[in-house]
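One letter stands for each residue in the lines below.
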Amino acid sequence: MNNTDQEEFWSKSAGPAWVTLQSELDNLMQPVLDLVLTHANLQTGQRVLDIGCGTGASVAQAADIVGDTGHVTGLDIADTMLNLAKARLSSHPNTNLMLTDAQTEPFERNRFDALISRFGVMFFEDSAAAFANMSAALAPDSALTFAAWGPARQNPFFMEPARAATELLGEMPKVDRTQPGPFAFEDTNRVTAILETAGLVSIQATTIDLHLTPAGDLRDVGDLCCSIGPADSALRYHEGSSEDRKALSDAIALRFARFETPDGVRIPAAINLFQARTAA
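Conventions and cut-offs
Residues numbered from 1 in each chain as written. Predicted model: local features only at pLDDT ≥ 70, side-chain atom pairs only at ≥ 80, totals over all residues. Heavy atoms only, no water. Helix = DSSP H or I, 4+ residues; strand = E, 2+ residues; numbered from the N terminus. Rg over C-alpha atoms; globule rule 2.2 N^0.38 Å. Buried < 20%, exposed > 50% of the residue type's maximum accessible area, 1.4 Å probe, protein only. Contact = heavy atoms within 4.5 Å. Pairing = 2+ DSSP bridges. Right-handed = clockwise from strand over helix to strand, strands pointing away. Axes fitted to C-alpha atoms, helices over the stretch in contact; angles between N-to-C directions. Parallel < 35°, antiparallel > 145°, perpendicular 65-115°, else oblique. Nonpolar A, V, L, I, M, F, W, Y, C, P; charged D, E, K, R; others polar. Core = buried A, V, L, I, M, F, W, Y, C linked by side-chain atoms within 4.5 Å.

1. Here's the deal with the overall build of the chain
Reasoning step 1: Along the backbone of the chain there are 10 helices and nine strands.
Reasoning step 2: Scaling as 2.2 N^0.38, a compact globule of 280 residues should have a C-alpha radius of gyration of about 19 Å, and the chain matches this with 19 Å.
Reasoning step 3: Taken over the C-alpha atoms alone, the chain extends approximately 55 × 40 × 35 Å along its principal axes.
Reasoning step 4: For the chain, with 280 residues in total, the buried portion stands at 52%.
Reasoning step 5: For the chain, the proportion of contacts with a sequence separation of at least 24, taken over those separated by at least 6, is 80%.

2. Observations concerning the pairing of strand β3 (residues 95-99)
Reasoning step 1: One ladder, built from five bridges, connects strand β2 (residues 71-76) with β3; its direction is parallel. Bridging from a neighbouring strand, G74 pairs with L97 of β3.
Reasoning step 2: Note on the crossover from β2 through helix α4 (residues 79-88) to β3: the handedness is right-handed.

3. Concerning the packing of helix α6 (residues 156-169) against helix α9 (residues 229-237)
Reasoning step 1: Packing of α6 against α9 brings their axes to within 7 Å, and their N-to-C directions diverge by 25°. Relative to α9, the element α6 is oriented roughly parallel. Contacts from F158, P161, A162, A165 and L169 in α6 reach P230, A231, A234 and L235 in α9.
Reasoning step 2: A per-class count over the contact of α6 with α9 returns nine nonpolar, no polar and no charged.

4. Comments concerning unusual backbone geometry
Reasoning step 1: Positive phi outside glycine occurs at F119, with the angle close to 60°.
Reasoning step 2: Following the sequence through the fold, F119 ends up in the loop between β4 (112-118) and α5 (127-136).
Reasoning step 3: Residue classification places F119 among the buried positions, given a relative accessible area of 11%.
Reasoning step 4: Positive phi outside glycine occurs at E239, with the angle close to 50°.
Reasoning step 5: With respect to the helices and strands, E239 occurs in the loop between α9 and α10 (242-255).

5. Comments concerning the nonpolar core
Reasoning step 1: Counting residues in hydrophobic clusters, the biggest one holds 91 residues, and the most contacted among them are F131, W149 and F185.
Reasoning step 2: Sorting elements by how many residues they give to this core places helix α2 (residues 22-40) first, with nine residues.

6. Concerning the sheet that holds strand β9 (residues 267-277)
Reasoning step 1: Sheet architecture is open: seven strands sit in the order β3-β2-β1-β4-β5-β9-β6, paired in mixed fashion. The sheet is open, and its two edges are formed by β3 and β6 (201-212), each paired on a single side. When strand polarity is set aside, the average angle formed by the axes of neighbouring strands in this sheet is 15°.
Reasoning step 2: Pairing of strand β1 (residues 47-51) with β2, which is carried by five bridges, proceeds in the parallel orientation.

So this is what it looks like as structure tokens:
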């Protein structure tokens, strides 16, 4: 997909599902946001740029950290999710939202002190150009901290629904994972090279194991996976019926049974955490 295709996908295809499931997805991915915010080490008074902010959870939490003297700008390409983010951020006057493409937006130079992103930077047509453009909006020696999915095989939240869908519905077209998409940044060496090409320095890339924390029981998790990600894509591609959806949800729940704990379903995940700085 190019950036125009991504806008279409996130506004009209995936976006409505993410809006409907906002609470469930925020719960699921809170450990990843915690990871980003902990390593970003935001400070009171900083001006922060949040890339791919979606429905606004990351903007709100970053705004609480930087306080009234700081400010957070959330940017996303999808109006569907930003409309919800706007409503959610009404109690955070130290925020604003931008509906634009971060690869081409003519940012004011030196406007921000830090950049963060939770799963928002894997979708650019030209990642090096995008990071060079975003970096121009940062002050010298500013930090970038962002999370992306690690290797696909280490992320059962994607792989188990994909396997269940293949068994029940049939094969899907093969995908080049280096192209814009969830796993475009799974290879840390490749991404490090992209960041170097964009002119960033002090680059660090670490794969961190954590657990995703979906709300509800196994049935709820199965239903969630049939609304987003590879299971949803398979149902659409194969024109699955309501009976197919129910069978797939049940199959996913069965596969995730080994992740059930006294605290709820806890799905292991490998997250690539990237940190870099603009030149001093």
